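# Coordinates in review
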Amino acid sequence: MTTAELRSVANGFWACAAHARLVDTNAGRAYPAGKLLGWRALHEARTRAEMDGQRPSVRWVESLEVRASPAPAGRAPIFEAGARVNLAKVTLLIGDNSDGKTALCEWLASVGDEAHLWGWSRSTLAFTIRIHDPDDHTFDVDLSEGTLTMRFDGKAVPFCPLPVSVRPVLEPPTRAAGMSDADWMSLWLGIPTAVIARLLTDAPRRFPRLVGSVRAGDDGEIVTVRDGFPASLRAIGTSGQWLIAIALAALHADQRAAFVPTILLIDGIWSLDSNNKAAVLRDLETIQCQSIATLVAPARDLARGRWAITRIQHGPQGATFADE
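Position numbers for residues start from 1 in each chain and track the written sequence from start to end. Thresholds applied to this predicted model are a pLDDT of at least 70 for local features of residues and 80 or more for the giving and counting of side-chain atom pairs; totals over whole chains, interfaces and linings are not thresholded and use all residues. The side-chain figures draw on all heavy atoms in the structure; neither hydrogens nor water molecules are used.

## Here we look at the pattern of salt bridges
The cut-off we apply is this: Should a side-chain nitrogen of Lys or Arg be within 4 Å of a carboxyl oxygen of Asp or Glu, the pair is scored as a salt bridge. Segments assigned H or I by DSSP are reported as helices when at least four residues long, segments assigned E as strands when at least two residues long, and all are numbered from the N terminus. Throughout this description, buried means an accessible area under 20% of the type-specific maximum (1.4 Å probe, protein chains only), exposed means over 50%, and partly exposed covers the range between.
The tally for this structure, following the rule as stated, stands at eleven salt bridges. Asp 140 is the salt-bridge partner of Arg 151, the closest N and O atoms lying 3.5 Å from each other. Pair noted here: Arg 151 is in strand β6 (residues 147-152) and Asp 140 is in strand β5 (residues 136-144), with a separation of eleven residues, a long-range link. For the salt bridge of Glu 285 with Arg 282, the shortest nitrogen-to-oxygen distance reads 3.7 Å. What makes Glu 285 buried here is its relative accessible area of 12%. Overall, Arg 282 belongs to the partly exposed group, its relative accessible area being 25%. Counted as one network, the salt bridges with shared partners bring together Arg 67, Asp 140, Asp 142 and Arg 151.

Here you go:
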């Protein structure tokens, strides 16, 4: 970091004398930047909610630790046993293609819906998600030979009992013939079609840099204006479709977060150009919920701001995580 970045208020973390000494012990190795940024952002989000007269959502996914990782045929496991990713309010996961970014998103999403684990049903997989409530809790997931077991604070459970809403934006599904834009976006985001239509009316005001001209058209169409002419969702291409999907999911997550602890997972901004990547990252800083996005090797200045950056690093026993 530059001297100006080190001195910036964005790099400050205020603590009482007792906890300041605890954080600084052993050069702060027990308290990486992502954890401290996450605590600070959580406190700020709770304070803003209280000032707005809202009931603050205090649950927070603090980390995911891989205990056993699937191993592709003839290759090392995806992640090294014991690898742990720390999550802040806004976390950017950086890694090359096939480094496991999508796998992490699916595993994190299982807190809200175990269906995200179905693609791993024939794998050996075990991980622990730590949740701040503000008490600390653990949610353990173990998959072996098609058998799924889950534990919450060491006790067997049929699902994660904490009311945490996870809004994943992963690879878009195949669009069936005759499916309307709104129905396809509903299938992609897991949001009812009627809600998609209502979100479209507010998205341009909330995220003008992403979807300044989008609107709901007739018969479930989604229309955006380009160069003064209306264009259909099919015509704007993959990048434009991702921007609309991210804006709708972010707006939905932002409004849910006022009442239910919410995580927004975005695994796809790699398909955007640099300007749109930057716009997405800046806009996601402004929403109430916890956000996680993935990228492939961005320029360093792209990820500045309040994002905690974690890089996936290769190793002989699988990948590990390094906070930057």
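That covers the picture; the talk isn't over yet.
## Some thoughts on the nonpolar core
What counts, and what does not: We call a set of buried residues a nonpolar core when its members are Ala, Val, Leu, Ile, Met, Phe, Trp, Tyr or Cys and they connect through side-chain atoms within 4.5 Å of each other. Note on contacts: a residue pair qualifies if any of its non-hydrogen atoms lie within 4.5 Å across the two residues.
In terms of nonpolar packing, the biggest core is built from 48 residues, with Val 169, Met 185, Leu 189, Ile 244, Leu 248, Leu 264 and Ile 269 touching the most fellow members. For this core, the secondary structure elements donating two or more residues are β3 (90-94), α5 (181-189), α6 (193-206), α7 (208-211), α8 (237-256), β12 (262-266), α9 (274-284) and β13 (290-295). With eleven residues, α8 is the largest single contributor of residues to this core. Apart from the residues within four sequence positions on either side, Met 185 is in contact with Ile 196, Ile 222, Leu 233, Gln 241, Ile 244, Ala 245 and Leu 248.

## Comments concerning the pairing of β5
The criterion, for reference: Two strands are counted as paired when DSSP detects at least two bridges linking them.
Pairing of strand β4 (residues 125-132) with β5 involves eight bridges; the strand directions are antiparallel. When the sheet's bridge partners are listed, Ile 131 is paired in β5 with His 137. One ladder, built from six bridges, connects β5 with β6; its direction is antiparallel. What sits directly across from Ser 144, in β6, is Thr 147. Remark: two residues form the turn of the hairpin made by β5 and β6, two consecutive strands paired antiparallel; Glu 145 in that turn has positive phi of roughly 50 degrees.

## Focus: the environment of Leu 295
Looking at where Leu 295 falls in the secondary structure, it is placed in strand β13. Looking at Leu 295, the relative accessible area reads 1%, which means it is buried. Placed 28 residues apart in sequence, Leu 295 and Asp 267 show a C-alpha to C-alpha distance of 7.8 Å.

## Side note on the side chain of Gln 241
Relative to the helices and strands, Gln 241 is located in helix α8. Not counting residues within four places of it along the chain, the set of residues in contact with Gln 241 comprises Trp 184, Met 185, Trp 188, Leu 233, Arg 234 and Ile 236.

## So, α5
For α5, a buried count of seven out of nine residues is recorded, marking the element as mostly surrounded by other parts of the structure. Buried residues of α5: Asp 181, Ala 182, Trp 184, Met 185, Ser 186, Trp 188 and Leu 189, and no others. Gly 190 lies just past α5 and shows a positive phi near 70 degrees.

## Comments concerning the sheet that holds β12
Put simply, the rule is: Here an angle of 0 to 180 degrees is reported between the N-to-C directions of two axes, which are lines fitted to C-alpha atoms, with helices fitted over the stretch in contact.
Strand order across the open sheet formed by six strands is β8-β12-β13-β3-β14-β15, with mixed pairing between neighbours. Strand pairing shows two members of the sheet lacking a second neighbour, β8 (165-169) and β15 (320-323), which therefore form its edges. Ignoring which end each strand starts from, the neighbouring axes of this sheet average 20 degrees apart. Docked against the sheet, helix α4 (residues 101-109) engages β3, β8, β12, β13, β14 (308-313) and β15, running at close to 160 degrees with respect to β13. With respect to the sheet, α8 is in contact with β8 and β12, its orientation differing from that of β8 by roughly 175 degrees.

## Describing the packing of α6 against α8
Definition in use: Roughly parallel means an angle under 35 degrees; roughly antiparallel means over 145; roughly perpendicular covers 65 to 115; every other angle is labelled oblique. For this classification, the nonpolar set comprises Ala, Val, Leu, Ile, Met, Phe, Trp, Tyr, Cys and Pro, the charged set comprises Asp, Glu, Lys and Arg, and every other residue, Gly included, is treated as polar.
For the pair α6 and α8, interaxial distance at closest approach is 9 Å and the crossing angle is 95 degrees. By the criterion of interaxial angle, the relationship of α6 to α8 is roughly perpendicular. Residue-level inspection shows Val 195, Ile 196, Leu 199, Leu 200, Asp 202, Ala 203 and Arg 206 of α6 in contact with α8, the latter providing Leu 248, Leu 251, His 252, Asp 254 and Gln 255. Looking at the contact of α6 with α8 residue by residue, the classes come out as seven nonpolar, two polar and three charged.

## Some details on unusual backbone geometry
Of note in this structure, Ala 27 is not a glycine but carries a positive phi near 60 degrees. For Ala 27, the location among the structural elements is in the loop between α2 (17-24) and α3 (33-51). The phi torsion at Asp 153 lies on the positive side, around 50 degrees, for a residue other than glycine. As for its position among the elements, Asp 153 is in the loop between β6 and β7 (155-157). The partly exposed category is assigned to Asp 153, whose relative accessible area is 39%.

## Some remarks on the packing of α8 against α9
Viewed as axis vectors pointing N to C, α8 and α9 meet at an angle of 0 degrees, and their least axial separation amounts to 11 Å. The angle between α8 and α9 falls in the class roughly parallel. Contacts between α8 and α9 pair Ser 239, Leu 243, Ile 246 and Ala 250 from the former with Asn 276, Val 280 and Leu 284 from the latter. The residue inventory of the contact of α8 with α9, partitioned by class, reads five nonpolar, two polar and no charged.

By themselves, these are just geometric observations and shouldn't be taken as functional.
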